[in-house]
Each structure stands twice: as structure tokens, then as C-alpha cells.
Amino acid sequence: MQLKNIDIKGRMKFYNVAGLSLTLINDGQISDSSSFGVLEVETSKKVDGNSMFNACSISKFLTSILVLKLSDQGLLDINDNVNNRLTSWKVPENELTQTKKVTVRNLLSHESGIVDPKGSFSNLNITDGVPNMIDLLMGKTSYCKDPIEVKYIPETDFQYSDAGFCIIQQLIEDIFEMQFGDIMNEVLFAPLQMNNSTYEIILSDAIKGKFSCGHNKDGNVVNEKYPIYPYAAASGLWTTPTDIGKLVLELMSSLQGESKLGLSKNSVKALFDSKGCKGWNGLGMFLDESEQVLEISSLGWGVGFQCMMVAFPYLGKGAIIMTNTDLGVHQLKGMIGEIYSSLK
């Protein structure tokens, strides 16, 4: 994939995008990493290859890979009733769970029966502090005021859900008796040398120097310079396009039987082939198979940030685009969409 016929700096000015970073993958290798603009408007802090962006829901893509690794190790069964392994909290049983249980598989594909309560899962409010995940699932925090429970028969509908990934996070933390971020560091980040990826909530001055500020569609810094989402598995990741690219390359290598993480070829293929009830909702990602060429994608959209990961795993191609500006429109209708179209 190559950038063609697009003036990125000119289009950034048109859209009021403060900073942008992208990584391209060709022939199963990172072929280009480029950065543009600034970390914060009206400063000279330039975006570079180590600048970290809020990945928002691309976090779910990483969570799916972690689940795949743990499944390959026999530490969890994605088809098992999650209540069999949850210890600190259980999905409440009701008439909707009598024939179909909540599993990691249907949580990953957003068809578990879990529906996010209205107005839930906002970014971190300093006054309210970091929510305890169990309290959150029980509806006892300002971030989620209603208890999480099954609202429709699992695997009969698609309802995009942050709460579903909070359940996955709690399950993994129950199994390991460790914090989700520490598990991710040990299992994915360290082996793949993803050195610019973190789930930190309390930011040190040192790490702030690498973080990008969020901006609104008018190009102004948002109220909270660094919007934090205290739900690691769902939306808590800060990272770079290059680090996401390393993970995409790992999936491509796994298909060739050359995984650094020890992922099995069959498991990775199952990850791509596991189409949900809509056909395009895969496990922690979205799928598009036009002209028999599989495209996988993951989108991130939050306060002050928009980003996109797209890859063709069997062709060894991909692109990761991250911006520190929320344009208020779907990614494909703005700056990211123009770049994506130029790569096709």
C-alpha cells in the first residue's frame, strides 16, 4: 500500500487536524512510517514516530489477540460460559440466558446480549476518579449507572458494547490475579517490542511528553488535554501506528507458521473466519471479503481522537492511521477516509 495523489499537509489544514501519524505495511513488512503536524496546537511539539495517540476502540483489537494467545495456551476456552471462570463477579442469569450463555466468543463479536446503558463509558472524570471494574459492572459508578445484564438472547443480534469487553477484562484479571495492563505488557508488548504502548491512567511528566493532546473539529485542544478511558480492554490503549503495525505483522507471520508469540496458524485463521450474526462482525474487529480478498479493520473514535487500522492479512498489506483530532464525522468521511481511499 502506498500513498498516492494526496497532499496530507494540505488536507490536514483543510480539516483542522493538528497531528497525524501513519504506518504502511507491504509484503509483510513495515514499508513506511510518517508523522505530520504537532502534538498540541500553538506549540512547537512535533509529532514523531514515538508520539502516542489515544487508540480508543482499537484497544478491542488488541484484546482479541490477547484472548487468542490465552486460548492457544489453554488458559481459557472462548466457547465456554464466562461464568464458569469469573470469580469476582458473575453475569446475572435470566430467561434470556437459558438456551444461550455469554461466552468470550460472543463478547468479542458484540453479540452476547450485553447492551451498554445510555450515557455510559465516558472518559475519566478526575472528580469521580478511576472506577473499580466490579462496581462498574454492578452499576455503582458514574461511568455506568445501571447494572450490566443480558438484554437479548446471545448470538441473535449485534450491539456494539464496551461493557462486553469490560467483562472480558474482569475474566482475564480473575484468571491471572493481575491487572490487565500488566498482563498485556507481559504477553504482547514485551515479546513484540511494542515499547510505545501503555494503559497508564495516571500520567507521569515523562510519558506526557510523548502523549498527543486531543483536539476538536475546530482544531482547539479539548478540555481534558489527555482524555483517558479507564476501561483498558475496551478503550484504554495509548500507542503508535508502528506498534499496532507490529501486531498486524505478527498475525501475518502467524499465518505463515512464524509467530513470535506462538500463535497457531489455525487459531489466527479462525479469528478471521469467525463471522458473527451479521457476517461482518468478527472477533474484536470488522471483516470485509470483497472479491474473495479478506480485509480486517478496527476503528477508534473518542474525545479529541480518531484512528483506523486496516489490513489484508493474506496479501501482507496494511495501514494504521492515527490523528489527534475528532472531526465529528465517521473516519471514512474525513481525513482518514481520504488517506484510506488513496491507498486502495
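Since the model is a prediction, treat every value here as computed from it, not as a measurement.

Side note on the overall build of the chain
Across its full length, the chain holds 11 helices and eight strands. Compactness check: the chain gives a C-alpha radius of gyration of 19 Å against a globular reference of 20 Å for 344 residues, within 12% of the reference. Taking the principal axes of its C-alpha atoms as reference, the chain extends roughly 55 × 50 × 35 Å. By the burial criterion, 57% of the 344 residues in the chain qualify as buried. For the chain, long-range pairs separated by at least 24 residues make up 68% of all intrachain contacts whose partners lie at least 6 apart in sequence. Computed over 30 positive and 39 negative side-chain charges, the separation of the two mean positions in the chain equals 4 Å.

Some details on the packing of helix α2 (residues 59-72) against helix α10 (residues 265-273)
Where α2 meets α10, the axes come as close as 10 Å, and the angle between the chain directions of the two elements is 140°. With respect to their mutual orientation, α2 and α10 come out oblique. Regarding α2 and α10, the two cross each other, and that crossing is right-handed. Between α2 and α10, the residues in contact are S64, I65, L68 and D72 and S267, V268 and L271, respectively.

Digging into the pairing of strand β7 (residues 305-312)
With eight of eight residues buried, β7 is to be regarded as a mostly interior element. Taking every second residue as pointing to the same face, both faces of β7 are buried, with F305, C307, M309 and A311 on one and Q306, M308, V310 and F312 on the other. Direction of pairing for strand β6 (residues 293-302) relative to β7: antiparallel, over a ladder of seven bridges. Bridged to W301 within β7 is Q306. What sits between the antiparallel neighbours β6 and β7 is a turn of two residues, in which G304 has the positive phi angle 80°. Taken together, the seven bridges between β7 and strand β8 (residues 317-323) define a ladder with antiparallel strand orientation. Counterpart to A311 in the pairing with β8 is G318.

A word on α10
Among the residues of α10, those classed as buried are S267, V268, L271 and F272. In an axial view of α10, the angular spread of the buried residues amounts to 140°, which keeps them on one side of the axis. Its buried side turned inward, α10 meets α2, α9 (241-255), β5 (286-290) and β6.

Digging into the packing of α2 against helix α5 (residues 162-176)
At their nearest, the axes of α2 and α5 sit 11 Å apart, and the two run at 35° to each other. The handedness of the crossing between α2 and α5 is left-handed. In contact with K60, T63, L66, V67 and L70 of α2, α5 contributes D162, F165, I168, I172 and F176. A class-by-class count of the residues in the contact of α2 with α5 yields seven nonpolar, one polar and two charged.

Section: α2
In this model, α2 (14 residues) spans 20 Å end to end at C-alpha, consistent with the 20 Å of a helix rising 1.5 Å per residue. Buried within α2 are the following residues: S59, K60, F61, L62, T63, S64, I65, L66, V67, L68, K69 and L70.

Considerations on the packing of aromatic side chains
Throughout the structure, instances matching the rule amount to 13 aromatic pairs. Plain terms: the ring middles of F14 and Y15 are 5.0 Å apart, the flat faces sit at 85° to each other, and that makes the pair edge-to-face. The buried category is assigned to Y15, whose relative accessible area is 17%. Their ring planes at 75° and their centres at 6.3 Å tell us that F272 and Y314 sit as a pair that is edge-to-face. Pair noted here: F272 is in helix α10 and Y314 is in the loop between β7 and β8, with a separation of 42 residues, a long-range link. Taken together, the ring pairs in this structure connect F53, F211, Y226, W238 and F305 into an aromatic cluster. One cation-aromatic arrangement involves R11 over F14; the distance from NZ or CZ to the ring centre is 4.3 Å.

Here's the deal with the pattern of salt bridges
Counted by the stated rule, this structure contains nine salt bridges. Note that E93 and K101 form a salt bridge whose closest N and O atoms lie 3.4 Å from each other. Across the pair K151 and E149 runs a salt bridge, and its minimum N-O distance is 3.1 Å. In this structure, a network of salt bridges that share partners links the residues E40, K45 and K225.

Cut-offs applied
- Residues numbered from 1 in each chain as written.
- Predicted model: local features only at pLDDT ≥ 70, side-chain atom pairs only at ≥ 80, totals over all residues.
- Heavy atoms only, no water.
- Helix = DSSP H or I, 4+ residues; strand = E, 2+ residues; numbered from the N terminus.
- Rg over C-alpha atoms; globule rule 2.2 N^0.38 Å.
- Buried < 20%, exposed > 50% of the residue type's maximum accessible area, 1.4 Å probe, protein only.
- Contact = heavy atoms within 4.5 Å.
- Lys, Arg positive; Asp, Glu negative; His and termini not counted.
- Charge placed at Lys NZ, Arg CZ, Asp CG, Glu CD.
- Axes fitted to C-alpha atoms, helices over the stretch in contact; angles between N-to-C directions.
- Parallel < 35°, antiparallel > 145°, perpendicular 65-115°, else oblique.
- Left-handed = near helix turned anticlockwise from the far one by under 90°.
- Pairing = 2+ DSSP bridges.
- Arc of directions from axis to C-beta.
- Nonpolar A, V, L, I, M, F, W, Y, C, P; charged D, E, K, R; others polar.
- Expected span 1.5 Å × (residues − 1).
- Phe/Tyr/Trp six-rings, centres within 6.5 Å; stacked < 30°, edge-to-face > 60°.
- Lys NZ or Arg CZ within 6 Å of the ring centre and 35° of its normal.
- Salt bridge = Lys/Arg side-chain N within 4 Å of Asp/Glu carboxyl O.

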